[in-house]
Amino acid sequence: MSTDFERLAQFPGSGCEKYDRRAAIFGREDVLPLWVADMDFPAPDFITRALEQRLSHPAFGYVKPDQRYFDAITHWLESQHHWKPKPDSIVPVAGVVPGMSMAINAFTQVDEPVIIQPPVYFPFFGVVQDNARLLLQNPLVLKAGFYRINFEQLEAQAADASMLLLSNPHNPGGRAWNADELARLISICKRHDVLVVADEIHMDLTYEGVVFTPFAKVAREQGFTNWIMLTAPGKTFNTAGIGGGYAVIEDARLRKAFCKEKQRWHLNDTTVFSQIALIAAYEQGGSWPGELMQFIAQNRDRVEAALKDTPIDVLTAEATYLLWLDCRKLGFSDPATDPQDLGLQNFFIEQAGLGLSQGIIFGEPGRGFMRLNLATPSRIIDQAMTQLHRALSEL
Ligand SMILES: Cc1ncc(COP(=O)(O)O)c(C=O)c1O
């Protein structure tokens, strides 16, 4: 593997959202961007090579995923996560979030409640509300710097809802839900006949010593069939801009209903490039997540060391390249409402010159938190920490 994690492949003018939308998002061009969840270093060269090779064949007509595509997914889930999906259970989708929206349409009615567990990736709110369903929020509980599921409240809410959207590993906060937690969640959903849509897009991105447990693996052990897994190679291999994801739906009745809904959208299953990228990633990328996460761990250690004696607490992440910072002790309002109070986001933008994701966009429990993206060269992390230190010392 020859990826140079110290090479900045996204920069101003490179067409990437992270740099080029700074003015729109933060109101100024000069913040160091540590927000949207993609990586600043190059995608692995085995993917770039496969795409280059395909480009030399100058025909870009329609494509259909072939057997190699399905085999590559099965191989990946089996070799990386020790779980083999049943034959014919893989359904290509345009992306994980579109897949979630399809599931909501296929299996719930307008005004029906759907459970989410904030703070959570903000499109979880969007897919529920944009489809005119009701949000039922079961906030995660923060205990000793670690998020837990509120099972008691979930039990009560599950009686009223027919669907739960699960982020596993969880964005933000970085929990990789363990087998016991998943089993407990499953027993509740089984009792109340709740369909679980498990978004596992961060599944490959665990830190050393942490095991990702596929929801489906525990579900199978528990005899629970009411689930849909959604995932994609885009986070792991930095190919989010190429698009494409897939659902795994083992229950034939659910799969048929999902595919019927999918048909209504008339989207192509894959594109020339999403198919090539997935096959290259899953056939050749076995050692990449480990190497990537080793580098990410070094960046995490840099941030932890830099913020050790400051009022900002860094949550212990088990997975993802996103770090969740508890900034509540800084005492800023969030979002800023009082003209006398700079506000948390403005402190980061104006005083520290940093563009992070504002915690409040992940729901009310994210108020006072900020999400920092570690997938960038170490000098950028060091620069960010120097700027943040300076801003903190001026408070
Ligand atoms: C939890 C989670 N789900 C889904 C996505 C995006 O998936 P897609 O681009 O395939 O819709 C992200 C991107 O950050 C994410 O963090």
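All of these numbers come straight from a predicted model, not from anything done at the bench.

Conventions used here
- Residues numbered from 1 in each chain as written.
- Predicted model: local features only at pLDDT ≥ 70, side-chain atom pairs only at ≥ 80, totals over all residues.
- Heavy atoms only, no water.
- Near = heavy atom within 4 Å.
- Polar contact = N/O pair within 3.5 Å; in protein donor to acceptor, adjacent residues only side chain to side chain.
- Areas by Shrake-Rupley, 256 points an atom, 1.4 Å probe, with all protein chains shown as cover.
- Helix = DSSP H or I, 4+ residues; strand = E, 2+ residues; numbered from the N terminus.
- Nonpolar A, V, L, I, M, F, W, Y, C, P; charged D, E, K, R; others polar.
- Phe/Tyr/Trp six-rings, centres within 6.5 Å; stacked < 30°, edge-to-face > 60°.
- Buried < 20%, exposed > 50% of the residue type's maximum accessible area, 1.4 Å probe, protein only.
- Pairing = 2+ DSSP bridges.
- Axes fitted to C-alpha atoms, helices over the stretch in contact; angles between N-to-C directions.
- Contact = heavy atoms within 4.5 Å.
- Parallel < 35°, antiparallel > 145°, perpendicular 65-115°, else oblique.
- Left-handed = near helix turned anticlockwise from the far one by under 90°.

Undergrad: So what about the site of the ligand? Which residues, and what values?
TA: In the vicinity of the ligand, the residues found are Ala37, Gly95, Val96, Val97, Pro98, Tyr121, Ser167, Asn171, Asp199, Ile201, His202 and Lys235. One of the backbone N or O atoms of Val97 is found 3.0 Å from an oxygen atom in the ligand. At 2.8 Å from an oxygen atom of the ligand is found a side-chain nitrogen or oxygen belonging to Asn171. Within the complex, 85% of the 390 Å² of free accessible area of the ligand lies under protein. Looking at the shell around the ligand element by element, the count peaks at three residues for helix H5 (residues 96-107). When the residues that make up the shell around the ligand are grouped by side-chain class, the tally is six nonpolar, four polar and two charged.

Undergrad: Account for the packing of aromatic side chains, naming residues and giving values.
TA: In the structure shown here, the tally under the stated rule is 22 aromatic pairs. Geometrically, the ring pair formed by Phe60 and Phe273 is tilted, given 5.9 Å between the ring centres and 35° between the ring planes. In this pair, Phe60 sits in the loop between helix H3 (45-55) and helix H4 (67-81) while Phe273 sits in helix H12 (residues 272-284), placing the two residues 213 residues apart along the sequence. Owing to a relative accessible area of 45%, Phe60 belongs among the partly exposed residues under this scheme. On the accessibility criterion, Phe273 (30% relative accessible area) is partly exposed. Centroid distance Trp76 to Tyr282: 4.8 Å. Interplanar angle 10°. Geometry classified as stacked.

Undergrad: Could you give me a rundown of the sheet that holds strand E3 (residues 113-116), with the residues and numbers involved?
TA: Hydrogen bonds between backbone groups are what pair the strands of a sheet, and the pairing can be parallel or antiparallel. Strands sit in the order E2-E10-E9-E8-E7-E3-E4 across an open sheet of seven strands; the sheet is mixed. Across the chains shown, the open sheet's two edge strands, defined by having one partner strand only, are strand E2 (90-93) and strand E4 (134-137). On average, each strand axis in the sheet is inclined to that of its neighbour by 25°, with strand direction left out of account. Relative to the sheet, H5 contacts E2, strand E7 (163-167), strand E8 (195-199) and strand E9 (227-231), its axis offset from that of E9 by approximately 160°.

Undergrad: I'd love a proper account of the packing of helix H7 (residues 151-158) against helix H8 (residues 179-191), names of residues and values included.
TA: Running from N to C, H7 and H8 point in directions that differ by 20°, and their axes come no closer than 9 Å. One element, H7, and the other, H8, form an angle in the roughly parallel class. Crossing of H7 against H8: the hand is right-handed. Across the interface between the two elements, Phe151, Glu152, Leu154, Glu155 and Ala158 from H7 touch Glu181, Arg184, Leu185, Ile188 and Arg191 from H8. By residue class, the composition of the contact of H7 with H8 is five nonpolar, no polar and five charged.

Undergrad: Run through the side chain of Thr231, naming residues and quoting values.
TA: Along the chain, Thr231 falls in strand E9. For Thr231, a relative accessible area of 0% puts it in the buried group. At 2.9 Å, the side chain of Thr231 and the backbone oxygen of Glu200 are in polar contact.

Undergrad: Any chance you could break down the sheet that holds strand E11 (residues 313-314) for me, citing the residues and the numbers?
TA: As summarised here, the arrangement of the five strands in space is E1-E13-E14-E12-E11, forming an open sheet in which the pairing is mixed. Here the strands that pair on one side only, and so sit at the sheet edges, are strand E1 (32-34) and E11. Relative to strand E12 (residues 322-326), E11 is paired through two bridges, and the arrangement is antiparallel. Counterpart to Val314 in the pairing with E12 is Leu325. Across the sheet, helix H15 (residues 378-393) touches E1, strand E13 (354-358) and strand E14 (369-373), and the angle it forms with E1 is around 110°.

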